[in-house]
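# Observations on chain architecture
If you want the building blocks of each chain, they are given just below.
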Amino acid sequence: MPLFQSAVFYTTVADLRDLPIDSRCEVAFAGRSNAGKSSAINALANHSRLAFVSKTPGRTQHLNYFRLVDGKYFVDLPGYGFAKAPEEVRGQWEGLLAPYLQQRPALRGLVLIMDSRHPLTDLDLQMLEWFAPTGKPIHILLSKADKLTWQAQCLTLREVENAMRDFGERCSVQLFSSLKRSGIQVAENVLASWLEMTTVVDKAPPTGSRTEKTARLRQRRAVGWGARQSAAKR
Ligand SMILES: Nc1nc2c(ncn2[C@@H]2O[C@H](COP(=O)(O)OP(=O)(O)O)[C@@H](O)[C@H]2O)c(=O)[nH]1
Ligand SMILES: [Mg+2]
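Bear in mind that the values here come from a model prediction, so they are computed numbers and not experimental data. (Residues numbered from 1 in each chain as written. Chains lettered and ligands numbered in written order. Predicted model: local features only at pLDDT ≥ 70, side-chain atom pairs only at ≥ 80, totals over all residues.)

In the vicinity of ligand 1 there are 16 residues, among which Gly36, Lys37, Ser38, Ser39 and Leu179 approach most closely. Looking at the shell around ligand 1, the element that brings in the most residues is helix α1 (residues 37–45), giving three residues. The residue inventory of the shell around ligand 1, partitioned by class, reads two nonpolar, 10 polar and four charged. (Near = placed C-beta within 6 Å. Helix = DSSP H or I, 4+ residues; strand = E, 2+ residues; numbered from the N terminus. Nonpolar A, V, L, I, M, F, W, Y, C, P; charged D, E, K, R; others polar.)

This next bit is on the sheet that holds strand β7 (residues 171–175). Ordered in space as β1-β3-β4-β2-β5-β6-β7, the seven strands form an open sheet in which the pairing is mixed. Edge positions in the sheet fall to β1 (8–13) and β7, since each of these pairs with one other strand and no more. Going across the sheet, the axis of each strand differs from the next one's by a mean of 25 degrees, ignoring polarity. The sheet contact formed by strand β3 (residues 63–69) and strand β4 (residues 72–76) spans five bridges and is antiparallel. By the bridge assignment, Tyr65 is partnered in β4 with Val75. (Pairing = 2+ DSSP bridges. Axes fitted to C-alpha atoms, helices over the stretch in contact; angles between N-to-C directions.)

Taking 1.5 Å as the rise per residue, helix α2 (residues 86–103) with 18 residues should run 26 Å; its terminal C-alpha atoms sit 24 Å apart, in good agreement. At Trp93, α2 shows its largest kink, close to 45 degrees. If you check which residues of α2 are buried, you get Leu96, Leu97 and Leu101. On the buried face of α2, the contacting elements are β2 (25–31) and α3 (122–131). (Expected span 1.5 Å × (residues − 1). Bend = angle between axes of the 7 residues up to and from the residue. Buried ≥ 20, exposed ≤ 12 C-beta atoms within 10 Å, placed from the backbone. Contact = placed C-beta atoms within 7 Å.)

Another point: α1. Note on helix geometry: an α-helix contains 3.6 residues per turn, so any two residues three or four positions apart are oriented the same way. The buried fraction of α1 is high, at seven of nine residues. Those residues of α1 that sit buried are Lys37, Ser38, Ala40, Ile41, Ala43, Leu44 and Ala45. Elements that come into contact with the buried residues of α1 comprise β2, β3, β4, β5 (107–115), β6 (138–143) and α5 (184–195). Once α1 finishes, Asn46 follows within two positions and takes phi at roughly 55 degrees, a positive value.

Structural data, given as structure tokens:
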């Protein structure tokens, strides 16, 4: 069973005073509106509609808490980037988001979702520049990877990895697709370690299984390819 499968919607917080007091560990999800944040939370929880409750009118501007197990939560933050009045943006940032991200002891790290076709927007960079000095880790999901070719995925990953060097070693990046359900295990491992939860390790295939034979065959082919390469160089 996926680790976060028991996630349930818990509460919506519009005021710092209403933050859950029993929370020991939580992970916040941020990103531009439409980047795929709700879909990523749903994919991690293996639940098709869980995070879409945060689309309910009245909840989109607030923090939405999903309880994983006792005292551990995912927190869906308001998406940024939609045209809003500057004073509204400032009010929300200064009154709720900034103090939450900066001062919440239970917050273990930030997952930043970026559409892999348009990563590193100005607002993403502002968020990174602002959050990195807290010293807490940041994990970037390059979402909707299914919309890129394999080659474009590799290029984007490298580009974002290079840009992340400026933000210190507590920042990691991966490709992700909620649609194809790819990258989920990698993300689950990162979040499990932040939340001090234990991931369920798949059982190793029995010796002599087809999977193992295929792996050996692939290894042999790879070795053969390497050998041809070095022969060509000589
Ligand atoms: N192709 C594809 N579309 C996705 C993926 N994740 C999200 N979407 C689509 O992108 C749109 C915005 O997704 P949503 O999760 O609501 O974004 P949010 O505003 O960041 O919460 C929706 O139409 C989703 O169906 C993905 O992995 N692949
Ligand atoms: Mg959403």
